[in-house]
Amino acid sequence: MRKLKLLLSLPLLLTISSCVPEPTTKSNSRLNAVKSRNNLICGVSGQLPGFSFVDASGKYSGLDVDVCRAIAAALFDNPDAVEFRNLNAKERFTAVQTGEVDILSRNTTLTMSRDTSVGLDFAPVVFYDGQGMMVRKSSNIKSLEDLKGKAICTQTGTTNEQNLADQMRKRGITYKSVVFEDINTAYATYEQGRCDAVTSDKSQLISRRTTLPKPEDHLILEQALSQEPLAPAVADGDAKWGDAVRWIVNTTIKAEELGINSQNVEQLKTSTKDPEVRRLLGIEGDLGTGAGLPKDFGARIIKHVGNYGEIYDRNLGSKTKLNLPRDNRNQPWTKGGLLYSPPFR
């Protein structure tokens, strides 16, 4: 009888074991899969000017896009070896968990639950933001208290929806939450006057305001509802891939701190005696090898994409339509900011 039970249970055990994911090791890391494929699959928004936006010709641009281009530059010496996939807020985490994308670079806030229970592993913060509120100037709304009983548009599956509920509850303000899965629908509803306000990260509000028919008719309140550190993320449990992405992002931050940019990187490769610069550019040492990257991965990134300051200026700075001031939080630590890379040694 015991033998019969064992034989009957064997197919079930085999079925269960076949469903268990294979543990991630150095040999089957996504880093190796990306290298074998010869391109990076990057999840972005595609609808947010300055961060990730695709124009009518199919060209992608933005700070989040340049993070992916930096990874492609490091791995393939080609910043264009990237396949972009547009993801909404609801589907973005599943796309990482299932392996549909190699990396999520989509104005995503780093939170404790996302870093622990959602199955994400975050790279360094690439933009320090805060949630805000946009209203029509004609509404005379000056503060959150003025929104009592008003309709507020937001997007489901975001920290914005949760933060709004927390802040209004804390202040004892009743309001009508109008929630949409698609962010375009949320802004369209606000534009049509069916919402008195729309809430999101301040950088997103600034970006989307530029797309409204009359941007000057809309005001972003000074009050901040939260802190929103935005960072790229990969699937948890793959230390090799996580390390590679982390140090690629760190390279753009450290390069600005050291004064290395796309204009002087080639000259520095042959003239610098600074040991830290030489290690970053792969002139001496083998730091890249330890992370599964080419020896000169740092030089490749800076040559093709630039340092963090160049990336910011190109996508968000004073010469762009957004003209988003680079506040103290998004400055290098040497200028009193929060951008800080561990040593390259």
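Refer to the structure above for everything that follows.
Note that the structure is a prediction, hence the values are computed from the model and not measured.

A. Looking closely at the state of the cysteines. Summed over the entire model, instances satisfying the criterion amount to 2 disulfides. Across a sulfur-sulfur distance of 1.9 Å, C42 and C68 are joined as a disulfide pair. Within this pair, whereas C42 is found in strand β1 (residues 40-44), its partner C68 is found in helix α3 (residues 63-76), the two being separated by 26 residues in sequence. By the burial criterion, C42 is buried, and C68 matches it. Along the protein, the cysteines that take part in disulfide bonds pair up as 1-2, 3-4, counted in sequence order.

B. Looking closely at the pattern of salt bridges. If you walk through the whole model with that rule in mind, you get 16 salt bridges. Between D296 and R300 there is a salt bridge; the shortest N-O distance is 3.2 Å. Taking relative accessible area as the criterion, D296 reaches 30% and is therefore assigned partly exposed. Because the salt bridges share partners, they merge into one network encompassing R30, R37 and D102.

C. Representation of the nonpolar core within the structure. In terms of nonpolar packing, the biggest core is built from 71 residues, with L40, W241 and I260 touching the most fellow members. Among the elements that line this core, the one with the most residues is α3, at 11 residues. Sequence-distant contacts of L40, defined by excluding residues within four places in its chain, comprise V34, C68, I71, F76, A81, V82, E83, D102, I103 and W241.

D. Quick look at the side chain of T199. Within the element layout of this structure, T199 appears in strand β12 (residues 197-201). The exposure class assigned to T199 is buried, which follows from its relative accessible area of 2%. Polar side-chain contacts of T199 include one of 2.8 Å to the side chain of Q131. Setting aside chain neighbours within four positions, we find T199 in contact with Q131, G132, M133, I152, C153, T154, N160, L164, L205 and L225.

E. Inspection of helix α13 (residues 297-304) at higher detail. Counting buried residues along α13, 6 of its 8 residues qualify, which places the element largely inside the surrounding structure. For α13, the full list of buried residues reads F297, G298, A299, R300, I301 and I302. Buried residues in α13 make contact with α3, α9 (239-258), α10 (265-271), α11 (275-280) and α12 (287-290). Looking at the residues trailing α13, positive phi occurs at G306, about 100°.

F. Region of the structure containing empty space enclosed by the protein. This structure, assessed with the given rule, holds 2 cavities of 30 Å³ or more. Quantified by volume, the largest cavity comes out at close to 170 Å³. Taken together, 20 residues form the lining of the largest cavity, with R106, N107, T158, N160 and Q204 sitting closest to its centre. Taken as a whole, the second largest cavity spans an internal volume of roughly 80 Å³. Surrounding the second largest cavity, L63, D66, V67, A70, V126, I248, V249, T252, Y308 and I311 form its lining. Elements represented by at least two residues in the lining of the second largest cavity include exactly α3, α9 and α14 (308-315).

G. Structural context of the side chain of R208. Checked against the element boundaries, R208 lands in helix α8 (residues 202-209). The side chain of R208 sits in the buried core without any salt bridge; D182 is the nearest counter-charge, 7.3 Å away. Here the side chain of R208 touches N184 through a polar contact of 2.8 Å, side chain to side chain. Setting aside chain neighbours within four positions, we find R208 in contact with Q47, L48, I183, N184 and Y187.

Criteria and cut-off values
- Residues numbered from 1 in each chain as written.
- Predicted model: local features only at pLDDT ≥ 70, side-chain atom pairs only at ≥ 80, totals over all residues.
- Heavy atoms only, no water.
- Disulfide = S-S within 2.5 Å.
- Helix = DSSP H or I, 4+ residues; strand = E, 2+ residues; numbered from the N terminus.
- Buried < 20%, exposed > 50% of the residue type's maximum accessible area, 1.4 Å probe, protein only.
- Salt bridge = Lys/Arg side-chain N within 4 Å of Asp/Glu carboxyl O.
- Core = buried A, V, L, I, M, F, W, Y, C linked by side-chain atoms within 4.5 Å.
- Contact = heavy atoms within 4.5 Å.
- Polar contact = N/O pair within 3.5 Å; in protein donor to acceptor, adjacent residues only side chain to side chain.
- 1 Å grid on protein atoms, 1.4 Å probe; cavity = no way out; pocket = protein on both sides within 12 Å on 5 of 7 lines; lining within 4 Å.
- Points joined across faces, edges and corners; volume = space filled by probe spheres on them.
- Lys, Arg positive; Asp, Glu negative; His and termini not counted.

By themselves, these figures tell us nothing about what the structure is for.
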